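Tertiary structure, described
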Amino acid sequence: MNNVLTLAYIGDAIYELKIREYLIKQGIVKVNDLQTSAIKYVSAKAQAKFLKEMMEKDFFNDEELDIIKKARNHKSHKIRSTDIVTYKHATALEALIGYLYYKNNNKRIEEIMNYIKGE
């Protein structure tokens, strides 16, 4: 799978599912509370922040960095909800999750998600 936007598409779904599962396990059961809590993790701004932090800590290997760079540098359409740099960083994180999913590397997905969840 080479198309980084397709990887980001599936990665977004996996990322969102992992965050929703985490929040429910935290005992949050009201939908409004779940949605409010989820935004701290799933917004483009939050995803971009997590990616930058992890990059600064050399969290990713060369193969993962290659996917991140491809996704970040991919030509994208106009975004209304956030600035383009934030959007590209969020897309890069989602693409990496999607890439790892297709490589069946669930262990690495969990390592990334644990970092994001602060575990």
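Let us look at the structure shown here. Keep in mind that this is a model prediction, so the values were computed, not measured.

What follows is about the environment of Val-42. Position of Val-42 relative to the elements: it lies in helix H2 (residues 31–42). Measuring from C-alpha to C-alpha, the distance between Val-42 and Gly-27 comes to 18 Å, with 15 residues separating the pair along the chain. Beyond its immediate sequence surroundings of up to four residues, Val-42 is in contact with Tyr-15, Glu-16, Ile-19 and Gln-47.

Compared with the 16 Å implied by 1.5 Å per residue over 12 residues, the 16 Å span of helix H6 (residues 106–117) between its first and last C-alpha is a close match. Listed as buried for H6 are Arg-108, Ile-109, Ile-112, Met-113, Tyr-115, Ile-116 and Lys-117. Turning to H6, the residues buried within the fold contact helix H1 (4–25), H2, helix H3 (44–56), helix H4 (62–73) and helix H5 (84–102). Just past H6, the residue Gly-118 takes up positive phi, approximately 80°.

For the rest of this paragraph, the subject is the packing of aromatic side chains. Per the stated rule, a full pass over the model turns up five aromatic pairs. The interplanar angle of 80° and the centroid separation of 5.9 Å between the aromatic rings of Tyr-22 and Tyr-41 together place this pair among those described as edge-to-face. Placement of the pair is Tyr-22 in helix H1 and Tyr-41 in helix H2, with a sequence separation of 19 residues. Seen in terms of ring centroids, Tyr-41 and Phe-50 are 6.3 Å apart; in terms of plane orientation they differ by 15°. Their pairing is stacked. By relative accessible area, which is 7% here, Phe-50 ends up buried. A connected cluster of aromatic rings, assembled from ring pairs, spans Tyr-22, Tyr-41 and Phe-50.

Turning next to the packing of H4 against H5. Interaxial distance between H4 and H5 falls to 8 Å at its minimum, and their mutual angle equals 135°. In terms of their interaxial angle, H4 and H5 are classed as oblique. Helix-helix and strand crossings are classified by hand; for H4 and H5 the assignment is right-handed. When H4 is examined against H5, the residues Glu-63, Glu-64, Ile-67, Ile-68, Ala-71, Arg-72 and Asn-73 are found in contact with a partner set consisting of Lys-88, His-89, Thr-91, Ala-92, Ala-95, Leu-96, Tyr-99 and Leu-100.

Here we come to the nonpolar core. Counting 33 residues, the largest nonpolar core has Tyr-15, Ile-19, Leu-23, Tyr-41, Ile-112 and Ile-116 as its most contacted members. If you list the elements that add at least two residues to this core, you get H1, H2, H3, H4, H5 and H6. Element by element, the count of residues in this core is highest for H1, at eight residues. Beyond its immediate stretch of four places on either side in the chain, Tyr-15 contacts Tyr-41, Val-42, Gln-47, Phe-50, Leu-93, Ile-97, Met-113 and Ile-116.

This part covers unusual backbone geometry. Unlike most non-glycine residues, Asp-58 shows phi in positive territory, near 55°. Of note, Asp-58 is situated in the loop between H3 and H4. Judged by relative accessible area, Asp-58 falls into the exposed class, the value being 65%. In this model, Asn-104 sits at a positive phi of 60°, which is unusual for a non-glycine residue. In this fold, Asn-104 is placed in the loop between H5 and H6.

Criteria and cut-off values
Residues numbered from 1 in each chain as written. Predicted model: local features only at pLDDT ≥ 70, side-chain atom pairs only at ≥ 80, totals over all residues. Heavy atoms only, no water. Helix = DSSP H or I, 4+ residues; strand = E, 2+ residues; numbered from the N terminus. Contact = heavy atoms within 4.5 Å. Expected span 1.5 Å × (residues − 1). Buried < 20%, exposed > 50% of the residue type's maximum accessible area, 1.4 Å probe, protein only. Phe/Tyr/Trp six-rings, centres within 6.5 Å; stacked < 30°, edge-to-face > 60°. Axes fitted to C-alpha atoms, helices over the stretch in contact; angles between N-to-C directions. Parallel < 35°, antiparallel > 145°, perpendicular 65-115°, else oblique. Left-handed = near helix turned anticlockwise from the far one by under 90°. Core = buried A, V, L, I, M, F, W, Y, C linked by side-chain atoms within 4.5 Å.

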